[in-house]
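An overview of the molecular structure
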Amino acid sequence: MNLRNGGNVMIFEFGNFRLDIDVESTKAFYSKHEKTVIEDCGCVNCRNYYEAISIVSDKVKNFFNSIGIDPQKSPEATWWDTNEDGVAYYSIIFHVVGTIIKSVDIYKPVGDGGYQLINENFYEIDKGFKVGFTTKAVLVEKDFPQPCIQLEIEAYLPWVMN
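No experiment lies behind these values; they were computed from the predicted model shown.

Parameters and conventions
Residues numbered from 1 in each chain as written. Predicted model: local features only at pLDDT ≥ 70, side-chain atom pairs only at ≥ 80, totals over all residues. Heavy atoms only, no water. Pairing = 2+ DSSP bridges. Helix = DSSP H or I, 4+ residues; strand = E, 2+ residues; numbered from the N terminus. Buried < 20%, exposed > 50% of the residue type's maximum accessible area, 1.4 Å probe, protein only. Arc of directions from axis to C-beta. Contact = heavy atoms within 4.5 Å. Phe/Tyr/Trp six-rings, centres within 6.5 Å; stacked < 30°, edge-to-face > 60°.

Here six bridges tie strand β2 (residues 9–14) to strand β3 (residues 17–22), and the two strands are oriented antiparallel to one another. In the sheet register, Ile11 faces β3, and the bridge partner there is Asp20. Between β2 and β3, which pair antiparallel in sequence order, lie two residues; one of them, Gly15, sits at a positive phi of approximately 60°.

For helix α4 (residues 58–67), the complete set of buried residues consists of Val60, Phe63, Phe64 and Ile67. What you see down the axis of α4 is that its buried residues fit within an arc of 90°, all on one side. Of the exposed residues in α4, the ones pointing more than 90 degrees away from its buried face are Asp58 and Asn65. Downstream of α4 by one or two residues, Gly68 has phi in the positive range, about 90°.

The subject of this paragraph is helix α1 (residues 23–32). Inspection of α1 places Val23, Thr26, Phe29 and Tyr30 among the buried residues, and these make up the whole buried set. Down the axis of α1, the buried set is contained in an arc of 130°. They therefore lie on one face. Looking at the buried positions of α1, the neighbouring elements they touch are β2, β3, α4 and β5 (87–102).

Here we take up the packing of aromatic side chains. On inspection of all chains with the given rule, the structure shows 14 aromatic pairs. Ring plane angle 10° and centroid distance 5.8 Å describe the contact between Phe12 and Phe14, whose orientation is recorded as stacked. A residue is classified by how much of its surface remains accessible, and Phe12, at 1% relative accessible area, is buried. These aromatic residues form a ring-pair network of at least three members: Phe12, Phe14, Phe17, Phe29, Tyr30, Phe63, Phe64, Phe94, Tyr123, Phe129, Phe133 and Phe144.

Let us look at the environment of Val131. Tracing the backbone shows Val131 in strand β9 (residues 129–134). In this structure the C-alpha to C-alpha distance between Val131 and Ala77, which are 54 residues apart in sequence, comes to 14 Å. Ignoring any residue separated from it by four or fewer positions in sequence, one finds Val131 in contact with Phe17, Phe63, Phe122, Tyr123, Ile125, Leu151, Glu152 and Ile153.

Structurally, Ile106 is set in the loop between β5 and β6 (107–110). The class for Ile106 is buried, based on a relative accessible area of 0%. For the pair Ile106 and Ile53, spaced 53 residues apart in sequence, the C-alpha to C-alpha distance is 23 Å. Each residue touching Ile106, except ones within four places of it in the same chain, is listed here: Phe17, Gln116, Leu117, Ile118, Asn121, Phe122, Gly132, Phe133, Thr134 and Glu152.

What follows concerns unusual backbone geometry. Of the consecutive residues Gln146 and Pro147, the connecting peptide bond is found in the cis state with omega at 0°. Here Pro147 lies in the loop between β9 and β10 (148–158). Phi at Leu139 takes a positive value of approximately 60°, unusual for a residue other than glycine.

Attention now goes to the environment of Ile153. Among the structural elements, Ile153 can be located in strand β10. Of the residues examined, Ile153 reaches a relative accessible area of 1% and is grouped as buried. For the pair Ile153 and Phe133, spaced 20 residues apart in sequence, the C-alpha separation works out to 8.8 Å. Sequence-distant contacts of Ile153, defined by excluding residues within four places in its chain, comprise Phe64, Tyr90, Ser91, Ile92, Phe94, Phe122, Phe129, Lys130 and Val131.

This is the structure we're talking about:
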């Protein structure tokens, strides 16, 4: 949900997450980077993600569009499993130009410097599509604008590959 527009910066709330996002800078980054997830890997699981993410619900499409992300240009889309109904479970990350104003942490510290993901702290955009945000960004492109926050997605997407 977009709450305020102040130039390029917009305040969004997704459940317990309150974010200050520079939508235009985020959109500009994804526009100039032509590399898609299938160009990085090309395995059948990444190709399925690339195709399936283009047929998600309007709620999910609107979510990506509202924060300036091209969903086919993820730096990491990890396939975990496909169930007997042909639904594939993915973990996906993206980067967004902005800061976290308020949030629940989607990671808890474990061991010596490690972290464990806490799925219960994610916000559901639509059935089978949850998002969380963190400042613990990984795989950030060298030229990604700062400040950077990481969007983490847990998604159930249709298996569309033959």
